[in-house]
Amino acid sequence: MRISFVKTLFPVLSVTVVFLYVSLMRNNIHTQEMQLHQVQQNFSLHSALILNKLDKLEAHLNAVGELLSEWTVELSEDDQRKAEELFQKYGYNAFLSDQLPLDRELPDTRDHRCIGREYPHNLPTLSVVLIYLDEALSVIQRAICSIINRTPAHLLKEIILVDDHSTNEDLKTQLHVYISSINEKHPGLVKMVTHSEQKGLSQARISGWKAATGDVVAILDAHIEVHVKWAEPLLARIQADRTLVLSPVFDKVNYYDLQVTKRFASAHGFDWALWCMYVGFPQKWYDQNDPSQPEKSPSVMGILVVDRLFFGEIGTLDGGMEVYGGENVELGIRVIHKHADSICSKMAQSNTGFSRPVLGLLKCCFCLV
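Looking at an unreviewed UniProt entry, one finds the protein named Glycosyltransferase 2-like domain-containing protein and attributed to Cyprinus carpio.

A. Representation of the pairing of strand 2 (residues 156-163) in the model. Taking burial as the measure, the eight residues of strand 2 include seven buried ones, the bulk of the element. Where strand 1 (residues 126-132) meets strand 2, seven bridges bridge the pair, whose relative direction is parallel. Note on strand 2: the bridge partner recorded for Leu130 is Leu161. Between strand 1 and its parallel partner strand 2, the chain crosses via helix 5 (residues 137-149), and the hand of that crossover is right-handed.

B. Broad picture of the sheet that holds strand 1. Sheet architecture is open: six strands sit in the order 3-2-1-4-10-5, paired in mixed fashion. Both outer strands of the open sheet, strand 3 (190-194) and strand 5 (245-246), are each paired with one neighbouring strand and no more. Direction of pairing for strand 5 relative to strand 10 (residues 304-307): antiparallel, over a ladder of two bridges. Looking at the pairing, Leu246 lines up with Val305 of strand 10. Contacting strand 1, strand 2 and strand 3, helix 5 runs over the sheet at an angle of about 170° to strand 2. Packing against the sheet, helix 7 (residues 201-211) makes contact with strand 1, strand 2, strand 3 and strand 4 (216-221), and its axis sits at approximately 145° to strand 2.

C. View of the packing of aromatic side chains. Counted according to the given criterion, the structure contains seven aromatic pairs. Their ring planes at 45° and their centres at 6.4 Å tell us that Phe281 and Tyr286 sit as a pair that is tilted. With relative accessibility at 37%, the residue Tyr286 sits in the partly exposed group. Ring-pair connections join several aromatic residues into one group, and the members of that group are Phe87, Tyr255 and Tyr256.

D. Representation of the nonpolar core. Ranked by internal contacts, the top residues of the largest apolar core, which has 38 residues, are Leu130, Ile144, Leu161 and Trp230. Elements with a minimum of two residues in this core: strand 1, helix 5, strand 2, helix 6 (174-185), strand 4 and helix 8 (231-240). Setting aside residues no more than four positions away along its own chain, Trp230 makes contact with Leu126, Val128, Arg150, Thr151, Ala218 and Leu220. Among the nonpolar cores identified, the runner-up in size contains 22 residues, and Val129, Leu201, Ala212 and Val306 belong to it.

E. Main features of the pattern of salt bridges. The tally for this structure, following the rule as stated, stands at twelve salt bridges. Here Asp307 and Arg242 are joined by a salt bridge, their closest N and O atoms 3.4 Å apart. Of this pair, Asp307 sits in strand 10 while Arg242 sits in the loop between helix 8 and strand 5, and the two are 65 residues apart along the sequence. Judged by relative accessible area, which is 11%, Asp307 ranks as buried. Exposure remark for Arg242: the relative accessible area of 32% places this residue in the partly exposed category. Salt bridges linked by common partners bring Glu77, Asp78 and Arg81 together as one network.

F. Region of the structure containing the confidence of the model for the protein. For the protein, the average pLDDT comes to 81, and 74% of its residues sit at 70 or higher. Considering each helix and strand of the protein separately, the mean pLDDT is smallest for helix 12 (residues 356-368), with a value of 27, and largest for strand 2, with 98. Across residues 350-369, where pLDDT falls below 50, the model places 18 contacts with residues more than four positions away in sequence or in other chains.

Conventions adopted
- Residues numbered from 1 in each chain as written.
- Predicted model: local features only at pLDDT ≥ 70, side-chain atom pairs only at ≥ 80, totals over all residues.
- Heavy atoms only, no water.
- Buried < 20%, exposed > 50% of the residue type's maximum accessible area, 1.4 Å probe, protein only.
- Helix = DSSP H or I, 4+ residues; strand = E, 2+ residues; numbered from the N terminus.
- Pairing = 2+ DSSP bridges.
- Right-handed = clockwise from strand over helix to strand, strands pointing away.
- Contact = heavy atoms within 4.5 Å.
- Axes fitted to C-alpha atoms, helices over the stretch in contact; angles between N-to-C directions.
- Phe/Tyr/Trp six-rings, centres within 6.5 Å; stacked < 30°, edge-to-face > 60°.
- Core = buried A, V, L, I, M, F, W, Y, C linked by side-chain atoms within 4.5 Å.
- Salt bridge = Lys/Arg side-chain N within 4 Å of Asp/Glu carboxyl O.
- pLDDT = per-residue confidence, 0-100.

Written as structure tokens, this is what we have:
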């Protein structure tokens, strides 16, 4: 009886064992396939990283080659090595910057109608905010020097340096010595705001705005120089309308020889990725054939000039934006919101027949457009 039962059960057990064995093998094969796939993914990722690093190295070598070829000054071997090291660190010819005078002359690239224009004496006072992170010392010094030399003293309330946690030692020692020497001649003119940790571009701008006391705040990068009469037209426009956010035309300074290249006025727009780009003005601006006239722009890149209190009224910027990009679009939306609120308030107070909820919807549509 038992033998008969075992004989009956044996095929079932055999099939079960075979099934378990096959399942185990399939699992092992699947595991190995997954491991192989992961290895292939890791290899592809490492290959992509290596190729990316090689591309960056090639771009850097090409840039260094361009730097040395475009800059025709003869250098000793030691100076050439130093110039290459500084270029690798800053991305521009910091070696040449260190040789140039801080108060160097600039070519006047303004339109002749700008040169001859006169402005009121009693314009709003100006606070200039310079944002930087590990910038070359001489570049920051030259920016400060040009602002002091080319801004009327009765208009320049202060220069505020915002250090977003730089690591350069000369920005902790030599820059402080330079600022002290300026403040001996112009007490309290240059101030410093130092972040204990890197907070990003938007927060650095907000920190500078908070420290400002002038009627108008110009928030600039630290690697700039200003032309003669750069501030007056901006201050005059804001004096006429405090709800404007302005950006001047800024020329290009070549990274290899630090020469100024004239740029023509254009609007600042953005693509679908919200990345900033230059776009043309409306045709009517070109038809008037007068580049000294201002024009509207959907956003503002990099450099902005704004009434200090109005900037607070629109909520300044989102301090949580820690990386570069996006703040130009955000600023445009904030300004449109503020203008739309003003329009809605005036329409609601007038006999238009529109109800407040409809006006609120119009505001949102106007904002999104």
